[in-house]
Amino acid sequence: MTSLEAHTQNEDSGPGGYAAARLLLLHEKERSGPPRRAALARLTDDWLAALFAAAAPPRGTALVAVGGYGRAELSPRSDLDLLLLHDGTADKAAVAALADRIWYPVWDLGLALDHSVRTPAEARTTAGEDLKVQLGLLDARHIAGDAGLVAALRTTVLADWRNQAPKRLPELDALCRERADRMGELQFLLEPDLKEARGGLRDAQVLRAVAASWLADAPREGLDGARRRLLDARDALHLATGRATDRLALQEQDAVARELGLLDADTLLREVYEAARIISYATDVTWREVNRVLKARSARPRLRTLLGGGRTGGRTGGQKPPVERTPLAEGVVEMDGEVVLALSAKPDRDPVLPLRAAAAAAQSGLPISLHAVRRLAAATRPLPVPWPAEAREELVTLLGAGESTVPVWEALEAEGLVTRLLPDWERVRCRPQRNPVHTWTVDRHLVETAVRAASLTRRVGRPDLLLVAALLHDIGKGWPGDHSVAGETIARDLATRIGFDRTDTATIATAVRHHLLLVETATRRDLDDPATVQAVADAVGTLGTLELLHALTEADALATGPAAWSSWRASLVADLVKRVAGVLAGEPLPDPEAAAPSAEQERLAIEALRTGEPVLTLRTEPVVAEPEEPEPVGVELLIALPDRPGVLPAVAGVLALHRLTVRAADLRAVALPTGIGAGTVLVLDWRVAAEYGSLPEAARLRADLVRALDGSLDIPARLAEREAAYPRRRGLTAPPPRVTVAASHSRLATVIEVRAQDAPGLLHRIGRALEGAEVRVRSAHVSTLGANAVDTLYVTRPDGSLLPDEEAIDLARTLEAALR
């Protein structure tokens, strides 16, 4: 006898006894998962049955568990879904009194209760009107009272469901799609809802309901295990938080992982994602089969009419029409809207058949049938290494199909074919990405990048190398250290395995190693510095590789998420590519020191020297975007003023007050011999964009800049007031800022890189710290992804010389301390 059983035998059936036994059960470490859920359901059954009996129920009444409780799947904080069923013969007041004797003790314990009181006829009527009620009744289970009444209801509800399935299943499908659009896909969310997101517990329940209709059945392999893992995760979430929640929030994930005995939060998410992927795939296959069956049923009466008779008429004699098979590739045909294997196919003798079938399916925009994939997984021999040319070509064809690649790839992955073809795929499968900028897990991001690259293949001379590099560019994220460095080695091995020659393999490996080079350089480095362009040219090596990297950079960013790519980033990358291409073609790099100021800069500088005050102008930059999606790159803000201390923090602070986001800043001293008298003017060329709303007027910016420079505008105080009045919502505590001296061959300046949480006034604070350190800022380049800012500063001593190593390190430490 367990301690729980002994406890419940010695306690009465009142709320106190049940509450104590429930608490004891939930803290039994040796019993968890399905046994604990079943034990909690039995314990609750016994308590409710005792309440029912103590209330002296009238004849023809019964207490019924429905929904999750009906399935005996009670999590620690689950609702109790109860139906008080009566045959209509008892006095209404007596039935109401019976309900009160059951509901109130449940409420007194603080348990959530979803309750109803109905006759069987009322239950059937409500189920016919409300699909959710009907789904709950499919899991109806007797707790106490008239068992025959409950059995009759179950039989009737199940018969209704099967009879009405052709009408109700499309309605259920639409509800599921609407919920998926609203809640997202569980297998890709950083904070997923374990129940309502697509691939969650709600979809697992729907699959049970579809199976009960007898129209279609879900693929069973792995489904029960996936459902159990999600239920276990929800149990642990309830215990860790003490709340009835299904949302696996970031701050709860470590505690939930510990409750489940897992290594860490990433291990937890991988298990959750894997379970969701199994349920999502089963959902896709099941609804496809439902739609096929319903379509076939609706076509039969029309077909009989066309063939000239009813059940006995016509020359067909009731025979089924022949199934049409359309050849797609060797051993692959289309049948009934799916890709299946031809009758002559021999998977055990044709190792290329899985890739050929997948490529044919993707190119045709058709799903590959579950039976075909499973037959391929069971019977196909492994490909020889290196792969034959046909296999490599079929892989490239599959990757080049665009959007239709995704469902075909998922089908291969569900049956283990992807990891058989590419063994290193296992390390990135279902791997979460903690950066909220990323939309997908690592493996899905790789496939999405290939999908995006498929639309860019006309821009490169070797589309096959682009598609394979896109598929492998983040393959190193399953290994410790820099994923680009690890990925280069893995990509080299996989490219050799796939059958590329030595030159092509080296190109793919270089693309993987440097897939972040263009965007990071373009957004964080001074492109007017010859050392910046030369370093990229040295890393890339050839014009063909540069072309490949340019397309891969765009595909990678587009597959990351909406925050990772914009017309502004595209213009910067295109500018860098143009400069690097010139170097690789043998063109000399211009000397930035010899570059004269533009006519507009010179005009503003003369005016600033003449008046002794700041002058500025705002100019919208040209559109750099697709014609159907016009998007201005940003606004150029030119400021000229006599050289003086405090200019950078003053300008940055004024821009922050006016809610202007700084993208880049170039600062240069211009010596002007004029008729008014020689002098030095500081010219600042800023690229800015409004956070929201319209741009401020230039006159307002100038007035506030004058006040900031003369000290009458307290920028830190104003920014603090705004933060207090409109505090930003914060999630987890951000990591501390990090300031480093970046590796650079620049002869113009020392490069300092600041990584910090993005916040209004960040560049203002950086500028104040640099002014205090008595260094001169030559240029600043701001890059923001999500909540993270990476600001790169080109600084010199006041005389324009580079900082010695020790001074640069001290400056970085000083700046980091100031930002903390």
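Notes on the structure in this doc start here. This one's a predicted model, so the numbers in the text were calculated from it and none came from an experiment.

A closer look at the overall build of the protein
Logical step 1: When helices and strands are tallied, the protein shows 31 helices and 15 strands.
Logical step 2: Here the protein holds 820 residues, and 50% of them are scored as buried.
Logical step 3: For the protein, long-range pairs separated by at least 24 residues make up 70% of all intrachain contacts whose partners lie at least 6 apart in sequence.
Logical step 4: On the protein, roughly 38,000 Å² of surface is accessible, and the fraction owed to carbon and sulfur atoms is 51%.

Digging into the sheet that holds strand S2 (residues 80–86)
Logical step 1: Taken in spatial order, the four strands line up as S3-S2-S1-S4 in an open sheet, and their pairing is mixed. At either margin of the open sheet sits one strand with a lone partner, and together these are strand S3 (113–118) and strand S4 (141–145). Between one strand and the next, the sheet's axes are offset by a mean angle of 25°, whatever the strand orientation.
Logical step 2: Here helix H3 (residues 34–54) sits on the sheet and contacts strand S1 (61–65), S2 and S4; the angle it forms with S4, its principal contact strand, is near 30°.
Logical step 3: In the packing of helix H5 (residues 92–108) onto the sheet, contacts are made with S1, S2 and S3, and the angle to S3 comes to roughly 175°.

Some points on the environment of serine 484
Logical step 1: Within the fold, serine 484 resides in helix H20 (residues 483–498).
Logical step 2: In this structure, the C-alpha to C-alpha distance between serine 484 and valine 512, residues 28 residues apart in sequence, is 6.3 Å.
Logical step 3: Apart from residues lying up to four places away in sequence, serine 484 is in contact with Val512, Arg513, His515 and Leu516.

Here's the deal with the packing of H20 against helix H21 (residues 502–513)
Logical step 1: The N-to-C vectors of H20 and H21 enclose an angle of 155°; their axes lie 8 Å apart at closest approach. Comparing the axis directions of H20 and H21 gives the class roughly antiparallel. Considering the relative orientation of H20 and H21, their crossing is right-handed. On the side of H20, the interface is formed by Ser484, Val485, Gly487, Glu488, Ala491, Arg492, Ala495 and Thr496, while H21 contributes Thr505, Ala506, Ile508, Ala509, Val512 and Arg513.
Logical step 2: Split into classes, the residues belonging to the contact of H20 with H21 amount to seven nonpolar, four polar and three charged.

A few points about unusual backbone geometry
A negative phi angle is the norm for most residues apart from glycine, just as the trans form is the norm for most peptide bonds.
Logical step 1: Omega for the peptide link from valine 385 to proline 386 comes to 0°, which places this bond in the cis form.
Logical step 2: Mapped onto the fold, proline 386 is located in the loop between helix H14 (370–379) and helix H15 (389–399).
Logical step 3: Positioned with a positive phi, alanine 72 is a non-glycine residue whose angle comes to about 60°.
Logical step 4: Relative to the elements of secondary structure, alanine 72 occurs in the loop between helix H4 (67–70) and S2.
Logical step 5: Judged by relative accessible area, alanine 72 falls into the partly exposed class, the value being 26%.
Logical step 6: For cysteine 430, which is not a glycine, the phi torsion comes out positive at approximately 60°.
Logical step 7: Tracing the backbone shows cysteine 430 in the loop between helix H17 (417–421) and helix H18 (442–454).
Logical step 8: The class for cysteine 430 is buried, based on a relative accessible area of 1%.

What counts, and where the lines are drawn
Residues numbered from 1 in each chain as written. Predicted model: local features only at pLDDT ≥ 70, side-chain atom pairs only at ≥ 80, totals over all residues. Heavy atoms only, no water. Helix = DSSP H or I, 4+ residues; strand = E, 2+ residues; numbered from the N terminus. Buried < 20%, exposed > 50% of the residue type's maximum accessible area, 1.4 Å probe, protein only. Contact = heavy atoms within 4.5 Å. Areas by Shrake-Rupley, 256 points an atom, 1.4 Å probe, with all protein chains shown as cover. Pairing = 2+ DSSP bridges. Axes fitted to C-alpha atoms, helices over the stretch in contact; angles between N-to-C directions. Parallel < 35°, antiparallel > 145°, perpendicular 65-115°, else oblique. Left-handed = near helix turned anticlockwise from the far one by under 90°. Nonpolar A, V, L, I, M, F, W, Y, C, P; charged D, E, K, R; others polar.

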